[in-house]
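# Geometric and topological summary
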Amino acid sequence: MDNLQHIAPELLPILKQIADPEIPVLSIVDMGVVRSARIINSEAFVEITPTYSGCPAMDVIGDDIKKALEKAGFSSQVKLILSPAWTTDWITPHGRDALLKYGIAPPMNPDADKSALLGNKKVVPCPQCGSTNTVMISQFGSTACKALLRCEDCKEPFDYFKCLR
Amino acid sequence: MNKTLAAYVIQIADNNLILAQRLGELCGHAATIETDIALTNISLDLFGQVRSYFQYAASLTGAEATEDTIAFLRVENEYKNALLVEQPNTDFAYVIARQCFYDHFHLLFLQKLQHSSDETLRAIASKAIKEVTYHVRFSSDWLIRLGDGTEESHNKITQAVQDLWVYTNELVTAAPIEIEMADAGIGVNPESFRDEYYGALTSILNEATIPVPEQKYFQKGGKQGIHTEHMGYILTEMQYMQRTYPNMTW
């Protein structure tokens, strides 16, 4: 698993406990926000990357990491890195399942994503009933990373996590 | 070199900063809840990019500079944003026309900045371009919808396009610092994509059934720090907290 490759095994269970502040069912590891975590001379060094440049959750995530590591007995340094830029491909399969169960449609491939957001094709499955008879309401939803859609069958509105690649 | 680079980074970011502030004014006031959310999310993206640029500029400047002092404690003629982005939110048509004119410039600019020899600028551009791709889609979609919509929406967006067209050319006219930075392999000369820029706008205006303005006179000055009368009002509001409570932080 690409996300986990650069995370020291001792730190992984700790980081997995930290939820994304905007989407609490998802850990920051499942989200692909943690890019590396190493222990050097018993100090933890963690690199995180923002989903979107203006993501207001980054400061909170940095603080949460420090707190969790301190509780586990590590002093730590958290560094924000921009490159390589975050992509929705880094959301783990477990993370995608968690999104779906939470009522957020996980990101589709770029072509399907574009069709859905331009209203050309009905492709995004409704997380409530599974129907693809869904329409775009707004290209931007409750956060910059999501769009707002509505299911024409069960009539429920839902968030769709936009593809970023 | 660091000083010139810092000035250049700040100039790039100033466009985003002032436009983001303008869009922020629409929070709770846009035409519909969906456009309200979209425009403020775009504002947030732009502010996020500004933070990356200003943090970098502050690190180059050293001394006491921080992202906050750069954002909040300069005087009007030290802001080098193009005049387009400071134009007011006259109505929804103006908001969309301004956004569409800027987004197309922004995307072409970032496509070039992605190849900067400067590692940090490259990283910021590669990140921002993903966000701006969505901005372009949103504003182009709306420009077409308004132009090709009802008689009323067509007339309003045509008026907005006519009025704001005069500010487009400044975006794709190089300031001396842009030429210097482009020659150094760090920056982008916006004149290198001027044709592409007007080509993109023309094709969208055609699709929107909005006549492409034919005027030959264009306004300029923002990149030299000479602004329209709107700028002072923006800064007054934006800088209020830092001026009133110096050094305050969240």
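Residues numbered from 1 in each chain as written. Chains lettered and ligands numbered in written order. Predicted model: local features only at pLDDT ≥ 70, side-chain atom pairs only at ≥ 80, totals over all residues.

Looking only at helices and strands, one finds five helices and seven strands in chain A. Its C-alpha atoms give chain A a radius of gyration of 17 Å, near enough to 15 Å, the size a compact globule of 165 residues would have. With the C-alpha coordinates aligned to their principal axes, the bounding extent of chain A is approximately 55 × 25 × 25 Å. The buried share of chain A, taken over its 165 residues, is 41%. In chain A, of all internal contacts separated by at least 6 residues, the share reaching a separation of at least 24 is 50%. (Helix = DSSP H or I, 4+ residues; strand = E, 2+ residues; numbered from the N terminus. Rg over C-alpha atoms; globule rule 2.2 N^0.38 Å. Buried ≥ 20, exposed ≤ 12 C-beta atoms within 10 Å, placed from the backbone. Contact = placed C-beta atoms within 7 Å.)

So, about the sheet that holds strand 3 (residues 75-80) of chain A. Residue and element names in this part refer to chain A. Across the sheet, three strands lie side by side as 1-2-3; this open sheet has mixed pairing. Each edge of the sheet is formed by a strand with only one pairing partner; in this case those strands are strand 1 (34-40) and strand 3. On average, adjacent strands in this sheet sit at an angle of 15° to one another, irrespective of strand direction. The pairing of strand 1 with strand 2 (residues 43-48) spans six bridges and is antiparallel. (Pairing = 2+ DSSP bridges. Axes fitted to C-alpha atoms, helices over the stretch in contact; angles between N-to-C directions.)

Attention now goes to the interface of chain A and chain B. Contact residues are listed per partner, giving 17 residues for chain A and 21 residues for chain B. Within the side of chain A that touches chain B, the residues separate by chemical class into 11 nonpolar, six polar and no charged. (Nonpolar A, V, L, I, M, F, W, Y, C, P; charged D, E, K, R; others polar.)

Membership of the largest hydrophobic core comes to 123 residues, with the highest contact counts inside it found for A:Leu15, B:Val9, B:Ile96, B:Ala97 and B:Leu143. Split by domain, the residues of this core number at least three in each of domain 1 (2-90) and domain 2 (103-161) of chain A. Residues within four places of A:Leu15 in sequence aside, it is in contact with A:Ile7, A:Ile28, A:Val29, A:Val34, A:Ala37 and A:Ile65. (Core = buried A, V, L, I, M, F, W, Y, C linked by C-beta atoms within 7 Å. Domains from an automatic or database assignment.)

A word on the sheet that holds strand 4 (residues 104-105) of chain A. Residues and elements named next belong to chain A. In spatial order, the strands read 4-7-6-5; together these four strands make up an open sheet with mixed pairing. Two strands in the sheet have a free side with no partner beyond their single neighbour: strand 4 and strand 5 (134-138). Pairing of strand 6 (residues 146-151) with strand 7 (residues 157-161), which is carried by five bridges, proceeds in the antiparallel orientation. Across the sheet, the residue bridging to Ala 147 is Tyr 160, located in strand 7.

It is worth spelling out helix 5 (residues 119-147) of chain B at this point. Here helix 5 of chain B contains 29 residues, and its C-alpha end-to-end distance of 41 Å stays within 8% of the 42 Å for a straight helix at 1.5 Å per residue. Largest kink in helix 5 of chain B: about 30°, centred on B:Ile129. (Expected span 1.5 Å × (residues − 1). Bend = angle between axes of the 7 residues up to and from the residue.)

Residues and elements named next belong to chain A. Per the domain assignment, the segments making up chain A are domain 1 (2-90) and domain 2 (103-161). For domain 1 versus domain 2, the separation of C-alpha centres amounts to 28 Å. Taken together, the contacts link five residues of domain 1 with five residues of domain 2.

A separate point is the environment of B:Pro211. Checked against the element boundaries, B:Pro211 lands in the loop between helix 9 (194-207) and helix 10 (230-244). Measuring from C-alpha to C-alpha, the distance between B:Pro211 and B:Val161 comes to 9.0 Å, with 50 residues separating the pair along the chain.

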